[in-house]
Amino acid sequence: MSGKYDLVIVGGGISGASLLYTTAKFTDIDSIALIEKESEIAAINSHHTNNSQTLHFGDIETNYTLEKAEGVKTGAELLAGYLENHDPDREMHAKRSKMVLGVGDEEVEKLEQRYHEEGFGDLYPKLQPIGRDEIAEIEPKVVEGRDPDVDMLALQTPDGYVVDYGETAKSFVELAREESNVDVFTGTKVEDVTKNTEGYTLTTPQGPFDCDVAVVAAGSHSLQIAKELGYGEDMALLPVAGSFFLADDGLLNGKVYTLQMKKLPFAAVHGDADVHDDSITRFGPTAKLVPALERGRLSTVSDFLDVFGLNAASFLSYANILADRILLPYVLTNLLYDVPEVGARSFLPEVQKVVPSVELDDIERAKGYGGVRPQIVDTSAKSLDMGEAKIVGDDIVFNITPSPGASTSLKNAMRDTKTILDFFETDYEFDEDAFRADTIENFPRGE
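Calculation criteria
Residues numbered from 1 in each chain as written. Predicted model: local features only at pLDDT ≥ 70, side-chain atom pairs only at ≥ 80, totals over all residues. Heavy atoms only, no water. Helix = DSSP H or I, 4+ residues; strand = E, 2+ residues; numbered from the N terminus. Buried < 20%, exposed > 50% of the residue type's maximum accessible area, 1.4 Å probe, protein only. Polar contact = N/O pair within 3.5 Å; in protein donor to acceptor, adjacent residues only side chain to side chain. Contact = heavy atoms within 4.5 Å.

### Regarding unusual backbone geometry
Thought 1: With an omega of 0°, the peptide bond between Gly284 and Pro285 qualifies as cis.
Thought 2: Along the chain, Pro285 falls in the loop between β14 (281-284) and β15 (288-289).
Thought 3: A positive phi angle is found at Ala42, which is not glycine, with a value near 60°.
Thought 4: Mapping Ala42 onto the fold places it in the loop between β2 (32-35) and α2 (66-86).
Thought 5: The backbone of Gln53 sits at a positive phi, close to 60°, despite the residue not being glycine.
Thought 6: Within the fold, Gln53 resides in the loop between β2 and α2.
Thought 7: Classification of Gln53 as buried rests on a relative accessible area of 0%.

Structure representation (structure tokens):
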């Protein structure tokens, strides 16, 4: 199974799969391998039960600045175009309405200002402000039971892409494997990465892999590998486990977000119909700090300690972050949501912000749902880094948590592809026009 390759990609989630597809189909790199430690592609955080299933355009994410939204929009359109082109039967995605909901004078004013004055109405032609009656037509349960004297406004768009990122990652890999210069190895764990005179040697139980260029797209483990090679010394991780609560009876037709707090890197609680079963409504995500790199795997506790570093800078950074008057109450409240009996009762008010008529017996904590999203800690500034976590080294790239994750995976892959080609001394080329024709040019635009 071992061998020598021009490029080796470590990690078969949506990030690594996007890069494999981009380099395999649109460059002339001679030999490429993808190595995934699980027996299947996209088995961990990219699996559809372990993430919000949202394709983030930046239109209803109210903690985004206009500048960030512009960048996210391009990334989302690349992936949406890919889905429009390669998934006509909607096996990997669904299109439903989505909206961000404002209730009460203060929230309504914020949404009006965002749409009219901050430029979001101009950036997103399909995004429209709608009032109580129009909200009720699209999402009856959102209006039912609310005080009729309380003002309501939503920014709504029909471009609510609900995505199974696991199946999308598999489709990337399937297309890449059509190329004769591509090998994919599952059930192959990278135990060590070492620099050699020509590139890197990746040690696995199945034998060594040598390559000129490496990209590590292994989520939280990317920083662990980076540190072993001397990179990312001023970085640590704050792993956050997301969970969901489920309700039957199809309470919502699409996605309904609440306003997000700009200081928090976590998504606001929202409700949506599951990508594969619109009779199931999911509410979440919650955000619980966990000392592990993968949810439910005690073996990754030691991996977290490797990344944490157990040094003064890391401890002081954690103390400074968790002392924040907004973040600390948020963290403590989210701890309650996983407590039996107490959790659902504590989370119910968050659900009722979206669907007021929901009662305690209507929701239950989803078992087996939720993954771990690493938040980057800058141990020099002793603060959370809410941007993209990427380290570019000597003929190696580490993708830790491309922000905002899966939504911009193809944009991130396009950028990494250009970086990879710069690493090579030979004249490999990237056919960006063909890449765009296969992806973003298929995105249906509004007038």
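### Comments concerning the side chain of Thr27
Thought 1: Tracing the chain through its elements places Thr27 in the loop between α1 (14-26) and β2.
Thought 2: For Thr27, a relative accessible area of 11% puts it in the buried group.
Thought 3: Separated by 3.4 Å, the side chain of Thr27 and the backbone nitrogen of Ile29 make a polar contact.
Thought 4: Setting aside residues no more than four positions away along its own chain, Thr27 makes contact with Thr22, Thr417, Glu429 and Phe430.

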